[in-house]
Amino acid sequence: MSGRRAGIDVGGTKCVAVVIDDDLRVVAEHRIATPHGTDALIDGLADLVERVGRCDSIGLGVPGLITRDGVIRASPNLSSAIDFPVGRRLSDRIGRFVHVENDATCAAIAEWRAGAATGARHAVVVTLGTGIGGGLVSEGRVVRGANGFAGEIGHMIVDPTGPRCPCGQHGCWERFASGTGLVFLAQRAGLFADRSDLRGEDVTTAAIGGDDAARVVLDEFGKWVALGLANLTNALDPEVIVIGGGLAASGDAVIESVRRWFAELLYSPGLRPHPRIDIARHGPLAGAIGAALLSEVANEPLSDGTGH
Ligand SMILES: [Zn+2]
């Protein structure tokens, strides 16, 4: 499907709607603060759809575990939404079909259909933010899994003795390789001990500014990022890996280290072509743009209740 397509990215603090045209350009943008509670959320989303106006399809990107038929099983950023059928509720309200997908998967779809992974049949898209979001494309299709829960790559356990993750496990990949992870690595190395509001970007800035200790930490960070990417590559054999999020935007300092460590950690690195490691084209609107593209990548939904 093409035409004027609307996508809404539901975040923990704000909901962003975009409209894209046939050339995949963003031609309109609207936002609201994310309402508290599921009834208020549906009200807010219906209001956003109204503001968007005429469009040929509507997609919704939602954080958390989202089933293939648009039910939020649980969402760390929408704590009141447990087993909440957001797709059906919004659809009933506005009187038309709504595509629903995990927000990180939406961001990956934006890169795959109209970004750094355009044309790829096998791609891994990783968003390094406060946590790690991801989306996987294999054999030319978005990988959703039996329940729709595929792509939760931030919770791959890379060190069972590592720090506790809010998910309840220890040593998840995002404890080391996200913005939160970079802060953890810096503090563990004794850096910025006087800063309680330290962000990953502060460490990156110090490293780029020539701070040797920060550079060592940033290289360690690059190794943790590369470790997860090597594991994903061993499992999926992608032709391209796209890295997005705030840390990717900080430029070569991170990515150079990732590329170097990746080449060391990959299985049989000398016997295979290595995937291209590229920076995401889309910034903070990636999730909304990908949501707008859901109508054209929608696989057949689970309609027989399998997996529920
Ligand atoms: Zn976790």
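This one's a predicted model, so the numbers in the text were calculated from it and none came from an experiment. (Residues numbered from 1 in each chain as written. Predicted model: local features only at pLDDT ≥ 70, side-chain atom pairs only at ≥ 80, totals over all residues.)

**Some thoughts on the overall build of the protein**
Within the protein, the regular secondary structure consists of 11 helices and 12 strands. Relative to the compact-globule value of 19 Å for 308 residues, the protein shows a C-alpha radius of gyration of 19 Å, a close match. On the principal axes, the C-alpha backbone points of the protein span a range of 60 × 45 × 40 Å. Of all 308 residues assigned to the protein, the portion counted as buried reaches 45%. Long-range pairs, those at least 24 residues apart, make up 61% of the contacts in the protein with a sequence separation of at least 6. (Helix = DSSP H or I, 4+ residues; strand = E, 2+ residues; numbered from the N terminus. Rg over C-alpha atoms; globule rule 2.2 N^0.38 Å. Buried ≥ 20, exposed ≤ 12 C-beta atoms within 10 Å, placed from the backbone. Contact = placed C-beta atoms within 7 Å.)

**Focus on the sheet that holds strand E1 (residues 5-10)**
Overall, mixed pairing links the five strands, which are arranged E3-E2-E1-E4-E7 in an open sheet. The open sheet is flanked by strand E3 (26-33) and strand E7 (99-102), the only strands paired with a single partner. Put simply, the sheet's adjacent strands are angled 20° from each other on average, direction ignored. With five bridges joining them, E1 and strand E4 (residues 57-62) adopt parallel strand pairing. Across the sheet, the residue bridging to Ala6 is Ile58, located in E4. Along the sheet, helix H3 (residues 103-114) contacts E1, E4 and E7; its crossing angle with E7, the most-contacted strand, is approximately 100°. (Pairing = 2+ DSSP bridges. Axes fitted to C-alpha atoms, helices over the stretch in contact; angles between N-to-C directions.)

**Comments concerning helix H2 (residues 86-94)**
For H2, the set of buried residues is Val86, Gly87 and Leu90. The arc enclosing the buried residues of H2, seen along the axis, measures out at 100°, which places them on a common side. Where H2 is buried, its residues contact helix H1 (38-52), E4, strand E6 (72-74) and E7. Just beyond H2, the residue with positive phi is Gly95, at close to 75°. (Arc of directions from axis to C-beta.)

**Observations regarding the domain arrangement of the protein**
Structurally, the protein comprises domain 1 (5-106 + 286-297) and domain 2 (120-279). Computed from C-alpha atoms alone, the centre-to-centre distance between domain 1 and domain 2 is 27 Å. Facing 11 residues of domain 1, the contacting portion of domain 2 comprises 12 residues. Of all the secondary structure elements, the ones that give two or more residues to the side of domain 1 that touches domain 2 are strand E5 (65-66) and H3. Counting residues per element, the side of domain 1 that touches domain 2 draws most heavily on H3, which supplies three residues. The class makeup of the residues in the side of domain 1 that touches domain 2 is six nonpolar, three polar and two charged. (Domains from an automatic or database assignment. Nonpolar A, V, L, I, M, F, W, Y, C, P; charged D, E, K, R; others polar.)

**Describing the packing of helix H6 (residues 200-208) against helix H7 (residues 212-236)**
Axis separation between H6 and H7 bottoms out at 7 Å; the angle between their running directions is 120°. Comparing their axes, H7 and H6 come out oblique. You can see that H6 and H7 cross each other, and the crossing is left-handed. Across the interface between the two elements, Val203, Thr204, Ala206 and Ala207 of H6 pack against Ala214, Arg215, Val217 and Leu218 of H7. (Parallel < 35°, antiparallel > 145°, perpendicular 65-115°, else oblique. Left-handed = near helix turned anticlockwise from the far one by under 90°.)

**Things to note about the packing of helix H5 (residues 179-188) against H7**
Packed helices, taken two at a time, are described by the angle between their axes plus the distance between the axes. For the pair H5 and H7, the least separation of the axes is 10 Å and the interaxial angle reads 135°. With respect to their mutual orientation, H5 and H7 come out oblique. Once H5 is placed against H7, the crossing between them reads as right-handed. Residues Gly181, Leu182, Leu185 and Ala186 of H5 pack against Val217, Glu220, Phe221 and Trp224 of H7. Here the residues of the contact of H5 with H7 sort into six nonpolar, one polar and one charged.

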